[in-house]
Amino acid sequence: MKIIVTGGAIIRDNEGRILLQKRSDYGNWGLPGGGMDAGESIEDTMIREVLEETGLEVRQYELYSVYSGPRMKYRYPDGNEVVFVMFIFNAKVDLEGRIAEDNNTLIYNDDNQESLKLEFKFIEDIYIEDISTVQRPVFEDLKREVRTILRT
């Protein structure tokens, strides 16, 4: 079984809502982020992925948590099984002029078509069932306000 190391970002707006990405590859929601390239630091992975998927430049960040262990097993639709090690960061970005008139949608023209939608939601308005199965533990912990760094 292959191990995939990923960097993801919790990006909040001025109201404390979290930016969710509806992914084009599987159609479910999650945090912006993705897989580490060889030789890349995990911080650089997160910064690159946020820029690619949202057009936002990360200005500041701090490690929120690292997820590993049995909850991180994932089976792709093609049957491939992997285990993720996810580094999740709290990330600060400049949202000036980037939120649409609906006050929910991030304005971004995604050339790579990785993001179907980018929307801000309060944690209590996020349905766990809509979240990518591998990221559900992150959202469950956000809802429960778990504060530990290492999570299995």
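Notes on the structure in this doc start here. Given the structure is predicted, the values throughout are model-derived calculations rather than measurements.

Details of the sheet that holds strand β2 (residues 18-23)
Argument step 1. One open sheet accounts for 3 strands, arranged β3-β2-β8; its pairing is antiparallel. Lying at the two open borders of the sheet, with one neighbouring strand each, are β3 (29-30) and β8 (115-121).
Argument step 2. Where β2 lies against β3, 2 bridges are found, and the strand directions are antiparallel. In the sheet register, Q21 faces β3, and the bridge partner there is G30.

Some details on helix α2 (residues 136-144)
Argument step 1. Buried residues of α2: P137, V138, F139, D141 and L142, and no others.
Argument step 2. On its buried side, α2 packs onto β1 (2-11), β2, β3, β5 (58-67), β7 (81-93) and β9 (150-151).
Argument step 3. Positive backbone phi, at 60°, marks E145, one or two positions downstream of α2.

As for the packing of aromatic side chains
Argument step 1. Within this structure, the stated rule accounts for 3 aromatic pairs.
Argument step 2. Measuring from ring centre to ring centre gives 5.0 Å for Y74 and Y76, while their planes differ by 85°; the resulting arrangement is edge-to-face. Neither residue differs from the other here; Y74 and Y76 are each classed as buried.
Argument step 3. One aromatic cluster is present, built from ring pairs that chain together Y74, Y76 and F84.
Argument step 4. Lying across the ring of F122, R17 places its NZ or CZ 6.0 Å from the centre.

Describing the pairing of β2
Argument step 1. Counting buried residues along β2, 5 of its 6 residues qualify, which places the element largely inside the surrounding structure.
Argument step 2. Note that β2 and β8 share 6 bridges and pair antiparallel. Counterpart to L19 in the pairing with β8 is F120.
Argument step 3. Taking the residues that link successive antiparallel strands as the turn, the β2-β3 hairpin has 5 residues, and the phi of G27 there is positive, at about 80°.

The rules behind the values
- Residues numbered from 1 in each chain as written.
- Predicted model: local features only at pLDDT ≥ 70, side-chain atom pairs only at ≥ 80, totals over all residues.
- Heavy atoms only, no water.
- Pairing = 2+ DSSP bridges.
- Helix = DSSP H or I, 4+ residues; strand = E, 2+ residues; numbered from the N terminus.
- Buried < 20%, exposed > 50% of the residue type's maximum accessible area, 1.4 Å probe, protein only.
- Contact = heavy atoms within 4.5 Å.
- Phe/Tyr/Trp six-rings, centres within 6.5 Å; stacked < 30°, edge-to-face > 60°.
- Lys NZ or Arg CZ within 6 Å of the ring centre and 35° of its normal.

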